[in-house]
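Close look at the chain arrangement
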Amino acid sequence: MSYLEPSDFVYWKQYFIDRVDELRAIAGTPFGFTGACILVEVLTRLTRGTGKGKSGRKEYEQFVSDWLPKKYSDFKYAKRVIPPGKEEQDKYLPTQMYCILRCGLVHNLSFVAGNSEIANGATDRSIWMLTREEAHGLGLSHLDPYEQNGPPIVDDAALFVAEDFLDDIEVTVRDIFDKAEHDEVLKANIMKHLSDRCPILA
């Protein structure tokens, strides 16, 4: 297909919605989960105009708090030890999303934290994913607390239901592009990122 300008917001909005739809067909598979997590990372960069620059934990956590539905930043772990610097809250899902979904799943196909993620406050399997059918079979819903006796043992996790996570990502995509129509800073950030680091065209 021919190259489309980054300023074509109608195209790019639909582009990201189409990527969500592609993932719906494989929701519940390792690559379905991973693809959803990649989209969160890309949207973080998009809203900040990161382009070829770096985007780290603070930017990712801020994106989760600012753009994903409030239930993500409001989630409370029941027993998890609060890491240094987070003592005043028992809800720090954005940190776990960065460490476990972005660094763990996207980079390593694993819910097990590496040493650098542990230093940032991660704990193994603080997030777990199931399909909607699996979750409903257990009487559970998206972002319910989750435990299982194994294997593997999952203690005090946030349950991510694959289809619901994708629904929330689509809502976020629509929200970002709708707001950009009236927010010149956001629009400029989106254009900068798409110009500097254009996503692969479908």
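A short tour of the structure in this document, coming up. All values reported here derive from a predicted model rather than from experimental measurement.

Notes on helix H9 (residues 184-196)
The periodicity of an α-helix, 3.6 residues per turn, causes residues three or four places apart in sequence to face the same way. Relative to the 18 Å expected for 13 residues at 1.5 Å per residue, H9 spans 18 Å between its end C-alpha atoms, a close match to the ideal helical length. Considered for burial, the residues of H9 that qualify are Leu 186, Ile 190, His 193 and Leu 194. Mapping the buried residues of H9 onto a view down its axis gives an arc of 95°, with all of them on the same face. In H9, the exposed residues that point more than 90 degrees away from the buried face are Glu 184 and Val 185. Close packing links the buried residues of H9 with helix H1 (9-24), helix H2 (30-48), helix H3 (57-67) and helix H8 (162-180).

Brief notes about the packing of H2 against H8
Close contact between H2 and H8 brings their axes to 10 Å; oriented N to C, the two are set at 20°. In terms of orientation, H2 and H8 fall into the roughly parallel class. Along this stretch, H2 crosses H8, giving a crossing that reads as left-handed. Residues Phe 33, Ala 36, Cys 37, Leu 39, Val 40, Leu 43, Leu 46 and Thr 47 of H2 form the contact with H8, whose own contacting residues are Ala 162, Phe 165, Leu 166, Ile 169, Val 173, Ile 176 and Phe 177. Across the contact of H2 with H8, the residue classes tally to 14 nonpolar, one polar and no charged.

With respect to the pairing of strand E3 (residues 154-161)
Counting buried residues along E3, seven of its eight residues qualify, which places the element largely inside the surrounding structure. The sheet contact formed by strand E1 (residues 127-130) and E3 spans four bridges and is parallel. Note that in E3 the partner of Met 129 across the bridge is Phe 160. For strand E2 (residues 145-148) and E3, the ladder comprises three bridges, and the chain directions are antiparallel.

Criteria and thresholds
Residues numbered from 1 in each chain as written. Predicted model: local features only at pLDDT ≥ 70, side-chain atom pairs only at ≥ 80, totals over all residues. Heavy atoms only, no water. Helix = DSSP H or I, 4+ residues; strand = E, 2+ residues; numbered from the N terminus. Expected span 1.5 Å × (residues − 1). Buried < 20%, exposed > 50% of the residue type's maximum accessible area, 1.4 Å probe, protein only. Arc of directions from axis to C-beta. Contact = heavy atoms within 4.5 Å. Axes fitted to C-alpha atoms, helices over the stretch in contact; angles between N-to-C directions. Parallel < 35°, antiparallel > 145°, perpendicular 65-115°, else oblique. Left-handed = near helix turned anticlockwise from the far one by under 90°. Nonpolar A, V, L, I, M, F, W, Y, C, P; charged D, E, K, R; others polar. Pairing = 2+ DSSP bridges.

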